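# Reading the structure
Below, each chain spelled out in residue letters.
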Amino acid sequence: MKTPFPRRELALVALASIAAIPLSLAQAADRADTKASGTYVAGDFHNHTTCSDGSLSVQKLVDKSAKTFGLDWFVQADHGGNSARNCTLAEDPFEPVAPALGLTNSATGPYPPNTYPNPGQPASMGKGPNQTWEATLPNGRAGIKGDGTDTPKKMWRWQEIKEYQYPVIEAESRARNKPIWIGVEQNAPGHEHVSTNVLPGQLPWPSTAAGGNAALQAQYEYCFDRSDGDTSRGAENQWDCTVNGSNNNNLLDSAARKITGNNSGATPNLGHLKTVEGIKWMNEKAPTSSYFVPAHLERAGAYNPTGSNGFNIEHLRNFNNAAPKVAFGFESMPGHQAEGNRGSYTTNAVGGGTYGGTGVYAATVGGVWDALLGEGRNWFFFASSDYHNRGSFGADQRESTADFFPGEYTRDYVMVRKGSNNLTANGIIDGLRSGNSFVANGQLIDRLSFTVCAANPGLPRSAGNALFEKAGQNAASANGDVRINGCATMGEKLVVRPGADLVVTVVLRDPQGTNNSPYSFPNPSLKQVNITQPLNAPVLDHVDVINGMVKGMVSPSDTENYAGTLGSKAATNTTAKVAKVFNSTNWTALPDGTRMMSYVVPAAKASQYFRLRGSNLPASVPFETDADGNPLLDFTSNPSDGTQPGKIACSDAACPTHMRTLSGTKYSSHDVAGWSDLWFYSNPVFIEVVNTVRVAGIK
């Protein structure tokens, strides 16, 4: 992949700005001339095949992600544990019918004219990824290693990853000229799920070298997944899960050479300890080429010291403290965005469900995410599809009552500073770690330049703002970021003298035309407020700039401020607020969908941060947003009790029949509700004011 980086106009603006801002007044972490050029690339790192609880082969999931929906990079990440099904056997026929609305799926065929149902091509056909390992391996049951007595025998995920999935993934990567590699959605001891990756050994495109392997990723799964009950040490691999220098190596089982316990009444918090040991192991084996990102972390409820439930804020702090270059963020925006219970959250989730498709930890201003940012932590926001299946529909049907494909709805855009080099897997992990990334649902935006710069006191305010907006426009046009001395972007900090004025500049693109939604009838949520807007042509309504103060890192010994559930002092940042709202009345709109906006924060006296969110929904949309534009609990519009009517009627003749329907009335739900209610979230820009609180977690 080669991406152009138009430089002339940006260089002219940069030179003017550099001349205007004395470096004694402000300095970002890296000078503009030391940053390699880069581009934002879209990807997904949390999804499933039949090698865990998905419904597709590796090949078809990659094809949907990298080809159909055009992702630039992709990490295939099934659950840990074991599986009876062989996900490396591609569907045959691969695509029985061209994807469309209104197709008929059938468990008995023929294919075509029918398409496959959920959960994919029936194993009874003697083809495809729902066949068992035992039935398809040359040596049958004898070829499945490790412990196990099931019939058919299940293969441990470590063997699937190392011996079968990795070679297929590497071949797919090189055939498609895109970085595609393998990770694991870990069943985390003491918690629910975590997106993980240990890259060393893997050789996806652009590498052409021989000898690629996923042995370290496989070993991590064996050692630290709570669903991997194998005690064979990986058979001939004879793995040992020791963490060098750890005081907990004495807890390893002498035969399995791993910690085999979990949170329980007899061993409270043992699972959480094991999970932290896994982070330390990653930091030892792959300190700059691995990641640990808790997923849908509100879904399973609050943390339970005797079970495997959710994550409280102290656990996120523990992860980040153990290895800040490995554990650096979360997926508070879950997948499963087309489920009736959006995100697959129930009323038992922390916060009682999702808010505009995002969990309460990030959706609430002043909540858990803001509490972490208020320490100056490198804790960033990510999202992925968590694709399993399309509910009552097959993979080639455009409707969904469960999941969207990777790239179809949710996209995670990551800055990769590759200069003149090819895009690489390690470069993408570096980009994730940097925090220079943003997430958008439903193609609400596809370009973003977000900077905070020190204003030049020698220039008129309007002239300074115009310079920064022009730099942002050039960066967004090139799908890159602003590289000007005295400016910082997402994931960075700007160090300024006390009293410096700050210029917050946002330039983004609301892409013109249609998105991936298969529906063109009017958005039922917006119809409530007399806005007629096709569901497949959303328009960005507004952007919120959220600002909070940085108070410094909290010590684990300060229990009151370190540990607690939602709403506790430890999980709250009372300084966080929506500081500015931009919309069509105060931004500059260009014909290509670019929107430019900026404002001045006068006389900064304290260290702080800024972050963004935006939506297609204005404030005060009934059952969707409150008077301040905050997203409401999604169960407000779609009660968790499916026997109850929804709140937002879908009256257009084209409203699909799979929606919640009571007494003849269809209600916005499932995929229609997802396409109706779109949001984007940016990661933060930090400001450190000299001689005040240090933003310790950010370069």
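The preceding data block contains the structure.
Keep in mind it's a predicted model, so treat the numbers as computed, not measured.

### Here we look at the overall build of the protein chain
Along the protein chain, the regular secondary structure elements total 14 helices and 25 strands. The C-alpha atoms of the protein chain give 25 Å as radius of gyration, which agrees with the globular expectation for 699 residues (27 Å, within 12%). Referenced to the eigenvectors of the C-alpha coordinate spread, the extents of the protein chain come out at roughly 75 × 65 × 50 Å. Counting every position in the protein chain, which comprises 699 residues, the buried fraction comes to 61%. The contacts in the protein chain between residues at least 6 apart in sequence include a share of 76% that link residues at least 24 apart.

### Description of the nonpolar core
Of all hydrophobic cores here, the largest spans 81 residues; its most connected members are Phe292, Leu316 and Phe330. Not counting residues within four places of it along the chain, the set of residues in contact with Phe330 comprises Val293, Pro294, Leu297, Leu316, Tyr361, Ala362, Trp369, Trp379, Phe380, Phe381 and Phe382. In this structure, Phe74, Phe450, Phe610 and Phe680 belong to the second largest nonpolar core, which totals 68 residues.

### Focus: helix α6 (residues 270–285)
Between its terminal C-alpha atoms α6 stretches 23 Å, which fits the 22 Å expected from 16 residues at 1.5 Å a residue. If you check which residues of α6 are buried, you get Leu270, Gly271, His272, Lys274, Thr275, Val276, Glu277, Gly278, Ile279, Trp281 and Met282. Among the structural elements, β7 (193–198), α5 (215–224), β8 (290–294) and α7 (313–322) are those in contact with the buried residues of α6.

### Topic: the state of the cysteines
For the structure on display, the rule yields 4 disulfides. Residue Cys51 pairs covalently with Cys87 via a disulfide, S to S 2.1 Å. The S-S bond linking Cys51 to Cys87 shows a torsion near -85°; that makes this disulfide left-handed. Highlighted residues: Cys51 in the loop between β2 (39–44) and α2 (58–68) and Cys87 in the loop between β4 (82–83) and α3 (133–136), separated in sequence by 36 residues. Here Cys51 falls in the buried class, since its relative accessible area comes to 0%. Between the sulfur of Cys223 and that of Cys241 lies a disulfide, 2.1 Å long from S to S. Handedness here is read from the sign of the S-S torsion; for Cys223 and Cys241, about -80°, the answer is left-handed.

### Some words on unusual backbone geometry
Cis geometry is found at the peptide bond from Gly109 to Pro110, where omega equals 0°. Here Pro110 shows up in the loop between β4 and α3. With an omega dihedral of 15°, the bond running from Trp205 to Pro206 counts as a cis peptide bond. One can find Pro206 in the loop between β7 and α5.

### Here we look at the environment of Glu408
Take Glu408: it is sitting in the loop between β10 (380–383) and β11 (410–416). C-alpha separation for the pair Glu408 and Leu590, spaced 182 residues apart in sequence, amounts to 26 Å. If we ignore the near neighbours within four places in the chain, the residues touching Glu408 are Phe69, Arg390, Arg398, Gln443, Asn516 and Trp675. Side-chain polar atoms of Glu408 contact the side chain of Arg390, separated by 2.9 Å.

### Comments concerning the packing of aromatic side chains
Tallied over the entire structure, the rule returns 28 aromatic pairs. Taking the centre distance of 5.4 Å and the plane angle of 50° together, the rings of Phe45 and Tyr291 count as tilted. One end of the pair, Phe45, is in the loop between β2 and α2; the other, Tyr291, is in strand β8, and 246 residues separate them in sequence. Classification of Phe45 as buried rests on a relative accessible area of 1%. Classification of Tyr291 as buried rests on a relative accessible area of 1%. Taken together, Phe45, Trp73, Trp181, Tyr291, Phe328 and Phe382 form an aromatic cluster joined through their ring pairs. The ring of Phe94 is capped by Lys60, whose NZ or CZ atom sits 5.5 Å from the centre of that ring.

### Description of the pairing of strand β21 (residues 608–615)
Taken across its 8 residues, β21 has 8 buried, putting it largely inside the fold. Residues of β21 alternate between two faces, with Gln608, Phe610, Leu612 and Gly614 on one and Tyr609, Arg611, Arg613 and Ser615 on the opposite face, all of them buried. Pairing of strand β17 (residues 542–549) with β21 involves 8 bridges; the strand directions are antiparallel. Bridge pairing in β21 places Gly548 opposite Tyr609. The pairing of β21 with strand β25 (residues 685–689) spans 3 bridges and is antiparallel. Residue Phe610 lies in a different strand from β25, and its bridge partner there is Val685. As paired strands, β21 and strand β24 (residues 679–682) are joined by 3 bridges and run antiparallel to one another. Across the sheet, the residue bridging to Ser615 is Trp679, located in β24.

Conventions adopted
- Residues numbered from 1 in each chain as written.
- Predicted model: local features only at pLDDT ≥ 70, side-chain atom pairs only at ≥ 80, totals over all residues.
- Heavy atoms only, no water.
- Helix = DSSP H or I, 4+ residues; strand = E, 2+ residues; numbered from the N terminus.
- Rg over C-alpha atoms; globule rule 2.2 N^0.38 Å.
- Buried < 20%, exposed > 50% of the residue type's maximum accessible area, 1.4 Å probe, protein only.
- Contact = heavy atoms within 4.5 Å.
- Core = buried A, V, L, I, M, F, W, Y, C linked by side-chain atoms within 4.5 Å.
- Expected span 1.5 Å × (residues − 1).
- Disulfide = S-S within 2.5 Å.
- Polar contact = N/O pair within 3.5 Å; in protein donor to acceptor, adjacent residues only side chain to side chain.
- Phe/Tyr/Trp six-rings, centres within 6.5 Å; stacked < 30°, edge-to-face > 60°.
- Lys NZ or Arg CZ within 6 Å of the ring centre and 35° of its normal.
- Pairing = 2+ DSSP bridges.

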